[in-house]
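# A structural walkthrough
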There are 4 protein chains.
Amino acid sequence: MAHRAGPHFLQIPGPSNVPGRILRAIERPTIDHRGPEFQALAKEVLEKIKPIFKTKNPVIIFPASGTGAWEAALVNTLSPGDKVLMVETGQFSTLWVELATRIGLKPEVIEGDWRHGVDPAEVEARLSKDKGHEIKAVCCVHNETSTGVTSRIPEVRKAIDAAGHPALFMVDTISGLASADLRHDEWGIDVTISGSQKGLMLPPGISFNAVSDKALEAAKSSKMTKSYWEWSSQIGQNPTGNFPYTPNTNLLYGLNEACDMLMDEGLENVFARHERHAEATRRAVRQWGLEIQCEDTREYSPVLTGVVMPEGHDADAVRKVILDKFDMSLGAGLGKVKGRMFRIGHLGDFNDLMLCGTLSGCEMGLRMAGVPIQTGGVQAALDYLSGNA
Amino acid sequence: MAHRAGPHFLQIPGPSNVPGRILRAIERPTIDHRGPEFQALAKEVLEKIKPIFKTKNPVIIFPASGTGAWEAALVNTLSPGDKVLMVETGQFSTLWVELATRIGLKPEVIEGDWRHGVDPAEVEARLSKDKGHEIKAVCCVHNETSTGVTSRIPEVRKAIDAAGHPALFMVDTISGLASADLRHDEWGIDVTISGSQKGLMLPPGISFNAVSDKALEAAKSSKMTKSYWEWSSQIGQNPTGNFPYTPNTNLLYGLNEACDMLMDEGLENVFARHERHAEATRRAVRQWGLEIQCEDTREYSPVLTGVVMPEGHDADAVRKVILDKFDMSLGAGLGKVKGRMFRIGHLGDFNDLMLCGTLSGCEMGLRMAGVPIQTGGVQAALDYLSGNA
Amino acid sequence: MAHRAGPHFLQIPGPSNVPGRILRAIERPTIDHRGPEFQALAKEVLEKIKPIFKTKNPVIIFPASGTGAWEAALVNTLSPGDKVLMVETGQFSTLWVELATRIGLKPEVIEGDWRHGVDPAEVEARLSKDKGHEIKAVCCVHNETSTGVTSRIPEVRKAIDAAGHPALFMVDTISGLASADLRHDEWGIDVTISGSQKGLMLPPGISFNAVSDKALEAAKSSKMTKSYWEWSSQIGQNPTGNFPYTPNTNLLYGLNEACDMLMDEGLENVFARHERHAEATRRAVRQWGLEIQCEDTREYSPVLTGVVMPEGHDADAVRKVILDKFDMSLGAGLGKVKGRMFRIGHLGDFNDLMLCGTLSGCEMGLRMAGVPIQTGGVQAALDYLSGNA
Amino acid sequence: MAHRAGPHFLQIPGPSNVPGRILRAIERPTIDHRGPEFQALAKEVLEKIKPIFKTKNPVIIFPASGTGAWEAALVNTLSPGDKVLMVETGQFSTLWVELATRIGLKPEVIEGDWRHGVDPAEVEARLSKDKGHEIKAVCCVHNETSTGVTSRIPEVRKAIDAAGHPALFMVDTISGLASADLRHDEWGIDVTISGSQKGLMLPPGISFNAVSDKALEAAKSSKMTKSYWEWSSQIGQNPTGNFPYTPNTNLLYGLNEACDMLMDEGLENVFARHERHAEATRRAVRQWGLEIQCEDTREYSPVLTGVVMPEGHDADAVRKVILDKFDMSLGAGLGKVKGRMFRIGHLGDFNDLMLCGTLSGCEMGLRMAGVPIQTGGVQAALDYLSGNA
């Protein structure tokens, strides 16, 4: 392709822009994954990742995409034919349902309109009806990447408790971790699933399962076949800085650096930064006269914002204009909202001026694509960001 | 750890030394894996990888370690309870048997002494006895990384044919590919399994299945549960430069570069270079008066050489001296040969002077560890490498 | 310093933001500067740099900052006590006068108000008066980095010709090259001086003299003492890919890449891009109600824009707010305009969205610093950039 | 050029192999050289470089090759027509004489045979004869890069003192610094000249003057014209982390890292490592039956070893064989010893196994080029390095 001046703006909701500091860490030569230098690194990283999940329990690192970590959560804890309660919040929750079905589970799906998060009341209702405790797990997506809706996980926990139901609670925070607050231990999550290429600012290639004692206990009686995803072999070897098969060494270099960067900034500052950028983005969208995909103000995502197109306008055509003219990638509408919305990622290694550039690209691209918007969206964001709103 | 001057010598049989050119490729910013730039890259890489396997059929790329590609080969083609004929050549073939067992297959194992490759005659004998064709697959390791023995795959193919047996032929060449000749199509292999961190000179994190038409046909009736490893979703999306889940983008940058480097040097030159280094290494070992783990001269590995310790000497103590004094990592004896041998990797991005440094470290370390060797091993290698042997 | 998320915006008028592609080129291992690989590189780079200066004559590359190339231009062509006509356009022209004085030349200075470029008429007048041709050189800054004023070099050439004066014509385009059009041969320049860290997008460390035949002829009778800066030793060795002393090898890797990037985009496209960004910037500044330092519309710089503060407001205080709050570096007012203006660099590896981020940072920072501006500057830029102005 | 597997061995006596850690430091984005982050870096580096020179006085950093620092030493302290006593030890001392002559000094040269270092007795004799103190400076090369001879600088100091002569003492340790011990203060050196691309392990591009109070005093009355090289402008600005013109920022990143690496290893350990490698090299050379260029055992260089060819054999032909066959660069014989010797660099980021590879390449290349040597040179080095000599 022809050379384009200046940096590409990677404003999809992940992979996020990988900072140079992490790229340079990843670029270090690969070392012997059975030697003392690696073992020291592995032990360090396995400790540093825990506070990111806000857990004291083990976090398992898979050399695999987030999709693999989804599978791992299920195959380690459940048995063929088990019923799982899964909540449809968008494309990714839907894909998780498909995965569960494919590997022989029986998902019971709470349907959704893709504009709301998990409804704790409905979860409670369903569980309350399940007197026989046939439902073995409740599966929710924390931050639905396809819509920009962040579910209220603590309230879902309370709903499960209110129903007095023993189901495991599994939460996918692939695109939420290290951008939106997530407290594995405090919120009573049994398996938290995440990935590298979002808030952790890494390239894709590693993914995670944070596990509760209850999940580990469940694993003992799980009858799903598994090998690569098996927790026990990981947990057995990790304390000595080893993995049951060759780890993705270079991404672990990057993960080490990412944890340092997040802790140096302060996790709560990281969350506040994301909230601030999300609010600025929403002000721009509203000024343009466009709808935000998320309809519940309690569920706005700090990670990304889904923008709904006016009737008769194709979001993908807008995205193409923006990519061609301004060298910025935005997220497409996925699945059933394809063409009807686009997604602005404002996560990871990101700051005010990058956001201003991002929103500028959106505003200009929308106009150039002929979408009838009101100008002034960027101005609204500037007013907010500068404290003049 | 304290700073050590000069480069570490990573002479384990993989991960191999990653060249700077590949590290710099991997360091490029991650891009949108659904955008046109990525799709062009993916299509390019998916084509370039084929001649490395010497196949015209699809090669599937998993964002996973080689262990995952082992699992993928089995779960895509077989069904629960299927009998598979597996040949024990060392630790890795043993681990593959364990994996097969764990996921519900019934391995029938041809036992071995870890000093020889697959015996084609025995394969033929076993298959000939299997009149009912209960054996669904024959699984061999091409280059056994734990011993330095390279099996004669074309002869195993002939053995299967001689037995007139319809079993699938699966070959693990995780540590053989791009170092030792491997011809997926010509040799009639149904599934070839490989990884990134050996002859391909990449960090670990991606792995491969090259598949025959027969394997693809078998996949249609396979009843193993699977999701992440499913070939069909990969093969369905790859032609447009897409993957069914987030690919390991940065390693694909590196893979693209690795394919260019291999093709630029010429695959046959790459193989000849490995053979030459292996021969020089064996001459050194013999001069030291030590035994080579591989006992059949037709099966010497071009990738690594297993060196047997004299009675009463611990290979791991030697390895520790060499790591401490000379900053070189060598491969340990694995499994049942732990402590009784060490392994010298001479693969990947490697040249004559690196080999001389490697053998020098071995010779000095053996002496410093008190192993009774004859000196002159490096000299023997120099004589051979300079054409003065 | 504490970690800050997202990229720093380096919007001083040089060093400009160095693109990753160039940083990765520079990161390649240093090689033998007397070996064939280096010589091939050097010959390639020495050819590729010529069209950037639009010359067919030699371009000399010094391992030195631009200041060194200023000195080189003078000491190679002149003799102690020579009179040179130098035009004050800002801080850098003033520093060049100081340098000339320090090394024993006699500058005659045409004074300026720092808001205009070189006045061709005045040059002609001065030269016309110099009947004895005591003036040996006319020295002008093409793009005055301290003010954002770009002189009309072809008209200065015409002025010299109109005066029928034989003086050498020396042009400093340290911050102009590869951002603003500069035609060494066509414009009749005798020595063009430039540096690496502006339009060439490299880190600082190499600088250039492009030389005319007349300049080379003058060099033969020059009596200034010199050694490091001596052209003849460079020109003698360059044709074989050698330099008279150790070159800055790694920056030459980067230069090679920079030339490829510029040629791939197309020099005229590069200039148009800079003009477009400069115009957008000026529209923002005017909307804010602030003055542009450059007062002649024919002399607006495509490289940077100088912004004048309203009475009573300190530009450096504004810059500090912007650095602290938005992690953006802007150029300070230098010398006699210190505190009275700041400079926005919009050069090098730069694109529309980076510019929008840059202007957003300025607008927000100005407001936060209490400068009484009108908002809407960014909006004016967006209107222009999107074709809606 | 065609791809070659494995790393190039850069065994010229500088540039030395640049470690990845430094390359990655250099690869960081360039920042504002007038901003607080740079100033903090500059102050840090300006302090860290002092113990490398073993001085408490300022060390001036020039964005220039070592040749520039030679010039700087002279033009800051001397006046036109000054007599300087310079000692011929090889090609670099000869080039320094040429430089001094070119800039208008009057070198008085103590001739040498290129196989010995500076003779302190002869320096004393010459100075003693100079009753009128017309000699203003004594200039010696510490480690003569063209021959592998390291002069006994403390004894030269004593010679000057014994003669009771007030001349300034200038020492070029461009290739000695951070490889061979050098004590600016303790040894009473007035100007120490060095560069980046040798023991400091950086790419070329910055160079140094360490200065005594006496040198600073002399600078006040120096009448040489100068601008770029002027100490006073550097010393005036350095305390605030500034430089009088744009510094080579990215090499300063590398310098910072290099200082950390050297201090982490320990300077005395660094020197011992170099001595050890030099001794191993000499043992190899002697076993080959070849002569070492340096004839005085007190003056063996720890940085490089000059190897003399037997009559009738061309060193450059040997070097070409070694480059072509083994991808190793060795230093050529320079000036009057061209073709009659080659130079093995064993400096910088270097370790035992690299040395073994280096000597192996020499031994094989010498044989392949038809030079009548005895084999066993590498063996002799191994015996020494492993403590079995």
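- The heading Cofactor (unreviewed entry) in the UniProt record of chain A holds the text "pyridoxal 5'-phosphate".
- Its UniProt record gives chain A a comment under Sequence similarities (unreviewed entry), which states: "Belongs to the class-V pyridoxal-phosphate-dependent aminotransferase family."

### A word on the overall build of chain A
- Of the regular secondary structure elements, chain A holds 13 helices and 14 strands.
- The C-alpha atoms of chain A give 21 Å as radius of gyration, which agrees with the globular expectation for 389 residues (21 Å, within 12%).
- C-alpha extents for chain A along the principal axes are approximately 60 × 55 × 40 Å.
- Buried positions account for 62% of the 389 residues belonging to chain A.
- For chain A, the share of sequence-separated contacts (at least 6 apart) that also reach a separation of at least 24 residues comes to 73%.

### Examining the interface of chain C and chain D
- Contacts between the two partners involve 46 residues from chain C, matched on the other side by 46 residues from chain D.
- Among the secondary structure elements, those contributing two or more residues to the side of chain C that touches chain D are helix H1 (20-26), helix H3 (66-77), helix H4 (91-102), helix H9 (249-265) and strand E13 (328-332) of chain C.
- Top contributing element to the side of chain C that touches chain D by residue count: H3(C), with four residues.
- Within the side of chain C that touches chain D, the residues separate by chemical class into 21 nonpolar, 18 polar and seven charged.

### Description of the interface of chain B and chain A
- With 47 residues of chain B at the contact, the number on the chain A side is 45 residues.
- Contributions of two or more residues to the side of chain B that touches chain A are made by helix H1 (20-26), helix H3 (66-77), helix H4 (91-102), helix H9 (249-265) and strand E13 (328-332) of chain B.
- Residue composition of the side of chain B that touches chain A, grouped by class: 21 nonpolar, 19 polar and seven charged.

### Some details on the relation of the copies chain C and chain D
- Superposing chain C onto chain D takes a rotation of 180° plus a shift of 0.0 Å along the axis, which leaves an RMSD of 0.0 Å. Such values leave the two copies arranged in the relation of a two-fold axis. Minimal C-alpha distance to the rotation axis in chain C is attained by Ala64(C), lying at 2.4 Å.
- The residues that chain C uses at the interface reappear at the interface of chain D in 98% of cases, marking a shared surface.

### Notes on the domain arrangement of chain A
Residues and elements named next belong to chain A.
- Under the domain assignment used here, chain A contains domain 1 (9-16 + 266-385) and domain 2 (20-263).
- Taken over C-alpha atoms, the centre of domain 1 sits 27 Å from the centre of domain 2.
- In this assembly, 28 residues from domain 1 lie in contact with 28 residues from domain 2.
- Residue contributions to the side of domain 1 that touches domain 2 peak at four residues, all from helix H10 (residues 267-288).
- For the side of domain 1 that touches domain 2, the class distribution of residues is 13 nonpolar, nine polar and six charged.

### Re the sheet that holds strand E1 (residues 9-11) of chain B
Residue and element names in this part refer to chain B.
- Ordered by their spatial adjacency, five strands build an open sheet running E1-E13-E14-E12-E11, and the pairing between neighbours is mixed. Every interior strand has two partners, whereas the edge strands, E1 and strand E11 (291-292), have only one.
- As defined by bridge partners, E11 adjoins strand E12 (residues 304-308) across two bridges and the pair is classed as antiparallel. Across the sheet, residue Ile292 finds its bridge partner in E12, namely Val307.
- Set on the sheet, helix H11 (residues 315-326) makes contact with E13 and strand E14 (341-345); between it and E13 the angle comes to about 165°.

### What to know about the sheet that holds strand E10 (residues 207-211) of chain B
All names here are of chain B.
- Sheet architecture is open: seven strands sit in the order E2-E10-E9-E8-E5-E3-E4, paired in mixed fashion. Every other strand in the sheet has two partners, leaving strand E2 (59-62) and strand E4 (106-110) as the edge strands with one partner each. Averaged over neighbouring strand pairs, the angle between their axes works out to 20° when direction is ignored.
- Note: strand E5 (residues 135-141) against strand E8 (residues 168-172), five bridges, orientation parallel. Following the sheet pairing, Cys140 is matched in E8 by Val171.
- Each of strand E3 (83-87), E4, E5 and E8 touches H4; the most contacted strand, E3, lies at about 165° to it.

### Some points on the UniProt feature "domain: Aminotransferase class V" (unreviewed entry) in chain A
- The sites that carry the UniProt feature "domain: Aminotransferase class V" (unreviewed entry) are, in the present numbering, residues 31-317 of chain A.
- This span, residues 31-317 of chain A, is 42% helix and 16% strand, and a straight line between its end C-alpha atoms measures 46 Å.

### What about the pairing of strand E4 (residues 106-110) of chain A?
All names here are of chain A.
- Note: strand E3 (residues 83-87) against E4, five bridges, orientation parallel. Looking across to E4, one finds that Lys83 is bridged to Lys106.
- The handedness of the E3 to E4 crossover, carried by helix H4 (residues 91-102), is right-handed.

### Quick word on the relation of the copies chain B and chain A
- Take chain B, turn it by 180°, move it 0.0 Å along the axis, and it overlays chain A with an RMSD of 0.0 Å.
- Most of the interface of chain B is mirrored in chain A, where 96% of its interface residues again form contacts.

### Remarks on the environment of Leu290(C)
All names here are of chain C.
- Here Leu290 shows up in the loop between helix H10 (267-288) and strand E11 (291-292).
- Sequence separation of Leu290 and Ala381 is 91 residues, and the distance between their C-alpha atoms is 15 Å.
- Those residues in contact with Leu290 that lie beyond four places of it in its chain are Val285, Val307, Val308 and Ile373.

### Side note on unusual backbone geometry
- Residue Pro15(A) is bonded to the preceding Gly14(A) through a cis peptide linkage, with omega at -5°.
- By the secondary structure assignment, Pro15(A) is in the loop between strand E1 (9-11) and helix H1 (20-26).
- Phi is positive for Lys54(B), which is not a glycine, with a value near 50°.
- Note on placement: Lys54(B) falls in the loop between helix H2 (36-53) and E2.
- The class of Lys54(B) is partly exposed, set by 17 C-beta atoms lying within 10 Å.

### A few points about the packing of H10(C) against helix H12 (residues 352-368) of chain C
Residues and elements named next belong to chain C.
- Running from N to C, H10 and H12 point in directions that differ by 20°, and their axes come no closer than 11 Å. Put simply, H10 runs roughly parallel to H12. Seen along the crossing, H10 lies across H12 with a hand that is right-handed. Facing His277, Ala280, Thr281, Ala284 and Trp288 of H10, the residues of H12 in contact are Leu355, Leu359, Glu363 and Leu366.
- Within the contact of H10 with H12, the residues separate by chemical class into six nonpolar, two polar and one charged.

### Side note on the UniProt feature "binding site: substrate" (unreviewed entry) in chain A
- Sites flagged by UniProt as "binding site: substrate" (unreviewed entry) map to Arg343(A).
- When residues no more than four places from it in sequence are discounted, the contact partners of Arg343(A) are Pro13(A), Gly148(A), Leu304(A), Gly306(A), Leu330(A) and Gly331(A).

### A look at the packing of helix H11 (residues 315-326) of chain D against helix H12 (residues 352-368) of chain D
Residues and elements named next belong to chain D.
- Between H11 and H12, the shortest axis-to-axis distance is 9 Å and the interhelical angle comes to 115°. Our pair here, H11 against H12, has a crossing hand that is right-handed. Between H11, through Val318, Val321, Ile322, Lys325 and Phe326, and H12, the contact on the second element is made entirely by Gly361, Cys362, Met364, Gly365, Leu366 and Met368.
- Of the residues belonging to the contact of H11 with H12, the class tally is eight nonpolar, two polar and one charged.

What counts and what doesn't
- Residues numbered from 1 in each chain as written.
- Chains lettered and ligands numbered in written order.
- Predicted model: local features only at pLDDT ≥ 70, side-chain atom pairs only at ≥ 80, totals over all residues.
- UniProt positions renumbered as here; feature names shortened; annotations may be inferred.
- Helix = DSSP H or I, 4+ residues; strand = E, 2+ residues; numbered from the N terminus.
- Rg over C-alpha atoms; globule rule 2.2 N^0.38 Å.
- Buried ≥ 20, exposed ≤ 12 C-beta atoms within 10 Å, placed from the backbone.
- Contact = placed C-beta atoms within 7 Å.
- Nonpolar A, V, L, I, M, F, W, Y, C, P; charged D, E, K, R; others polar.
- Least-squares fit on C-alpha atoms with pLDDT ≥ 70 in both.
- Domains from an automatic or database assignment.
- Pairing = 2+ DSSP bridges.
- Axes fitted to C-alpha atoms, helices over the stretch in contact; angles between N-to-C directions.
- Right-handed = clockwise from strand over helix to strand, strands pointing away.
- Parallel < 35°, antiparallel > 145°, perpendicular 65-115°, else oblique.
- Left-handed = near helix turned anticlockwise from the far one by under 90°.

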